[in-house]
Amino acid sequence: MSKEKILVVEDEADIRELMRYNLEREGYQVSECESAEDARVALETQSPDLILLDLMLPGTDGFAFCRKLRAWDKTARIPVIMVTARNEDADIVAGLEVGADDYITKPFSARIMLARVKAVIRRCADEPVDGKNLIVLGPVQIDREHHAVKIDGKDVVLTLSEFKMLDLFVRRPGVVFSRYQIVDAVHGEDYPVTDRSVDVQIVGLRRKLGDHSAMIETVRGVGYKLNLE
Ligand code: CA
């Protein structure tokens, strides 16, 4: 049985109860807060392994709270799954941009919620540590110091943008990045690049990945992620 601790931040009691019931059945330890303000207090003393965060909360909403969680040292690295009632791409993109790791949309099935929770906890556990110069993930080997990449042990020449993109994906496998986040990582902030140019770069990167081109998965309406399966 898993023993990971999960903090549920959700103002609707029925949904909190449903989440708790299903998570506890899987062996997770669950604590609940009905607002971002309560969660902020709870997090002074608790260190959950994951936060399930509703976006539409009274008071501080989920977007603003997620941004605070990322800015606060104690919580900066705790994975967040946002829970949104509106299945709108714009909300999902906005949530990912303030630092959420994944999302579920209401109404959700217990099976989907548990699958997302398990996946996010797992990939955060094997996340490569930032600052390491050599990263090996599946067939990909990235040497940050020399800006060199090997696929299946063979040297592959990438442009600087392609390199930065691949490096971004490999740092956080399975995490969905919006086009805006990709542009940001590749060029630094304020660079006027269109969404379309990210798509073009992805085509180039996929081609260089050869047999492993499917590793870079398109998440429709949202962006891209690295998929190892
Ligand atoms: Ca709500």
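Because the structure is predicted, anything quoted here is derived from the model rather than measured.

Cut-off values and rules
Residues numbered from 1 in each chain as written. Predicted model: local features only at pLDDT ≥ 70, side-chain atom pairs only at ≥ 80, totals over all residues. Heavy atoms only, no water. Donors = N, O, S within 2.8 Å, 3.2 Å for Na, K, Ca; no water. Buried < 20%, exposed > 50% of the residue type's maximum accessible area, 1.4 Å probe, protein only. Disulfide = S-S within 2.5 Å. Domains from an automatic or database assignment. Contact = heavy atoms within 4.5 Å. Buried area = accessible area lost by both parts, 1.4 Å probe. Salt bridge = Lys/Arg side-chain N within 4 Å of Asp/Glu carboxyl O. Helix = DSSP H or I, 4+ residues; strand = E, 2+ residues; numbered from the N terminus. Nonpolar A, V, L, I, M, F, W, Y, C, P; charged D, E, K, R; others polar. Pairing = 2+ DSSP bridges. Axes fitted to C-alpha atoms, helices over the stretch in contact; angles between N-to-C directions.

What about the coordination of the calcium ion?
- Asp-11 (OD), Asp-54 (OD) and Met-56 (O) make up the full set of protein donors to the calcium ion, lying at 2.1 to 2.3 Å.
- Judged by relative accessible area, Asp-11 falls into the partly exposed class, the value being 30%.

Section: the state of the cysteines
- Per the counting criterion, the structure on display carries zero disulfides.
- Free of any disulfide, Cys-33 has its nearest neighbouring cysteine sulfur in Cys-66, separated by 15 Å.
- Here Cys-66 falls in the buried class, since its relative accessible area comes to 3%.

Quick word on the domain arrangement of the protein chain
- The domain architecture assigned to the protein chain consists of domain 1 (5–125) and domain 2 (134–226).
- For domain 1 and domain 2, the distance between their C-alpha centroids amounts to 27 Å.
- Across the contact, eight residues belong to domain 1 and twelve residues belong to domain 2.
- Carbon and sulfur atoms supply 53% of the area buried between domain 1 and domain 2, which totals about 840 Å² over both sides.
- Taken as a group, Leu-96, Glu-97 and Arg-123 account for 51% of the area that domain 1 buries against domain 2, more than any other trio of residues on that side.
- For the pair domain 1 and domain 2, the interface holds one salt bridge.
- The shortest N-O distance in the salt bridge between Asp-101 and Arg-172 comes to 2.6 Å.
- Sort the elements by how many residues they give to the side of domain 1 that touches domain 2 and helix α4 (residues 89–97) lands first, with five residues.
- Here the residues of the side of domain 1 that touches domain 2 sort into four nonpolar, no polar and four charged.

Details of the pattern of salt bridges
- Within this structure, the stated rule accounts for 16 salt bridges.
- A salt bridge links Arg-171 to Asp-167; its shortest N-O distance comes to 3.4 Å. With a gap of four residues between them, Arg-171 and Asp-167 both fall in helix α6 (residues 160–171), about one helical turn apart.
- Taking relative accessible area as the criterion, Arg-171 reaches 27% and is therefore assigned partly exposed.
- Take Asp-167: its relative accessible area is 8%, and that puts it in the buried class.
- Through salt bridges with shared partners, a single ionic network connects Arg-16, Arg-20, Glu-24, Glu-32 and Glu-34.

Observations concerning the sheet that holds strand β4 (residues 80–84)
- A sheet is described by the order of its strands in space; here five strands give the open sequence β2-β1-β3-β4-β5, paired in parallel fashion. The sheet is open, and its two edges are formed by β2 (29–33) and β5 (102–105), each paired on a single side. On average, adjacent strands in this sheet sit at an angle of 20 degrees to one another, irrespective of strand direction.
- Inspection of the sheet shows strand β3 (residues 50–54) paired to β4 by four bridges, in the parallel sense. Across the sheet, the residue bridging to Leu-52 is Ile-81, located in β4.
- Sheet strands in contact with helix α1 (residues 13–25) are β1 (5–9), β2, β3 and β4, and its direction is about 170 degrees off that of β2.
- Against the sheet, helix α3 (residues 62–71) engages β3 and β4, with an angle of about 155 degrees to β3.

Structural notes on α4
- Three or more residues of α4 are buried, namely Asp-91, Ile-92, Val-93, Gly-95 and Leu-96.
- One or two positions beyond α4, positive phi appears at Gly-99, with a value near 110 degrees.

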